[in-house]
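Chain residues, written in single-letter form:
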Amino acid sequence: MESRTAERVRLRAERGKLRATGPEGLADAWAMIEDIWTGTVARARDLPEPVLHEQVEGEWSFVQTHRHLVLATDCWLRRMVKGIARPYHPWGLGGSWLTSPRRWGIDPDADPSLEQVLDLRRERMDEVREVIAGATAEELERNCVVPDSPGHPRKDHTVLQCLHVILKEEWQHHRYAVRDLEALEKRPR
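Residues numbered from 1 in each chain as written. Predicted model: local features only at pLDDT ≥ 70, side-chain atom pairs only at ≥ 80, totals over all residues. Heavy atoms only, no water.

S.K.: For this particular structure, what's the right way to read the layout of surface pockets?
M.R.: Picture a little ball the size of a water molecule; that probe, rolled over the atoms, points out where space is still empty. Size it by volume and the largest pocket reaches roughly 260 Å³. Glu7, Arg10, His174, Arg175 and Val178 are the residues nearest the centre of the largest pocket, which is lined by 13 residues in total. Going through the elements one at a time, α1 (2-18) and α7 (159-186) are the ones with two or more residues in the lining of the largest pocket. For the lining of the largest pocket, the element with the most residues is α7, which contributes 8 residues. Classifying every residue of the lining of the largest pocket by side-chain character gives 5 nonpolar, 2 polar and 6 charged. The set of elements that each furnish at least two residues to the lining of the second largest pocket consists of α2 (23-44) and α5 (114-134). Tallying contributions element by element places α5 first for the lining of the second largest pocket, with 6 residues. Class assignment of the residues belonging to the lining of the second largest pocket gives a composition of 5 nonpolar, 2 polar and 6 charged. (1 Å grid on protein atoms, 1.4 Å probe; cavity = no way out; pocket = protein on both sides within 12 Å on 5 of 7 lines; lining within 4 Å. Points joined across faces, edges and corners; volume = space filled by probe spheres on them. Helix = DSSP H or I, 4+ residues; strand = E, 2+ residues; numbered from the N terminus. Nonpolar A, V, L, I, M, F, W, Y, C, P; charged D, E, K, R; others polar.)

The following block contains the structure:
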């Protein structure tokens, strides 16, 4: 009982950080995201790479999850906050809502290695950290106008709204990755 209570308290504290509205709070939230992923990636490296390409109960594999987070960053940071018309890396991975990935420059047949995806993720995570580090209260309220090119999202958002989406995506997908790693670690080898 005590363990579950402690877990709920921890999750509540983490979720609270995700709702930060100022530059310092966002920096703290992003540091938390980087910390939790660092530990989880180290844990995943204890498994053979082919296992990290395996899906658990039809969910994305560990590698696919990181590819999806690349796409989330490309959508919300590079496309919206930075205004890059064609921000998508070919290894990005979207859900079933992404019906024409090639139109965005995404290769649905890509099969990069764990190390390749983690190198790309590090680049994208560094970009998020740099944007947050340079953000001011005024910048967070700036309205990001959608570039006139194929992609997502299709309506304007503030910088703060875009960063909140990234934080939420990172946090939620981390929870899924940990859940699935637990199942992979229990599979007979």
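Moving on from the model shown.
S.K.: What is the right way to read empty space enclosed by the protein from this model?
M.R.: Counted according to the given criterion, the structure contains 1 cavity of 30 Å³ or more. Empty space within the largest cavity amounts to approximately 50 Å³. Every residue lining the largest cavity is listed: Glu54, Val56, Trp60, Ser61, Phe62, Thr65, Ala177, Asp180, Leu181 and Leu184. Mapped onto the lining of the largest cavity, the elements with two or more residues apiece are α3 (62-81) and α7. Here the lining of the largest cavity gets 4 residues from one element, more than from any other, and that element is α7.

S.K.: Whenever I open this one, unusual backbone geometry confuses me. Can you help?
M.R.: Excluding glycine, residues mostly have negative phi values, and the peptide bonds linking residues are mostly trans. Cis geometry is adopted by the peptide bond preceding Pro153, which originates at His152 and carries an omega value of 0 degrees. Secondary-structure assignment places Pro153 in the loop between β1 (143-144) and β2 (157-158). A positive phi angle, near 50 degrees, is found at Glu57, a position not held by glycine. Looking at the secondary structure, you find Glu57 in the loop between α2 and α3.

S.K.: Teacher, can you tell me more about the packing of aromatic side chains here?
M.R.: Any pair of aromatic rings gets described here by the distance separating the centres and the angle formed by the planes. The full count for this structure, using the stated rule, is 3 aromatic pairs. Relative to Phe62, the ring of Trp37 has its centre 6.3 Å away and its plane inclined at 65 degrees; by these criteria the two rings are edge-to-face. Of this pair, Trp37 sits in helix α2 while Phe62 sits in helix α3, placing them 25 residues apart in sequence. Exposure remark for Trp37: the relative accessible area of 2% places this residue in the buried category. (Phe/Tyr/Trp six-rings, centres within 6.5 Å; stacked < 30°, edge-to-face > 60°. Buried < 20%, exposed > 50% of the residue type's maximum accessible area, 1.4 Å probe, protein only.)

S.K.: Please clarify how the pattern of salt bridges should be interpreted in this entry.
M.R.: It is possible for side chains bearing opposite charge to pair when their charged atoms get close. All told, the structure shown has 17 salt bridges when counted by the stated rule. A salt bridge links Arg78 to Glu127; the nearest nitrogen and oxygen atoms lie 3.2 Å apart. With Arg78 in helix α3 and Glu127 in helix α5, this pair connects stretches of sequence that are 49 residues apart. As far as burial versus exposure is concerned, Arg78 and Glu127 are alike and both buried. Each of Asp74, Arg78, Lys82, Arg124 and Glu127 takes part in a single network of salt bridges with overlapping partners. (Salt bridge = Lys/Arg side-chain N within 4 Å of Asp/Glu carboxyl O.)

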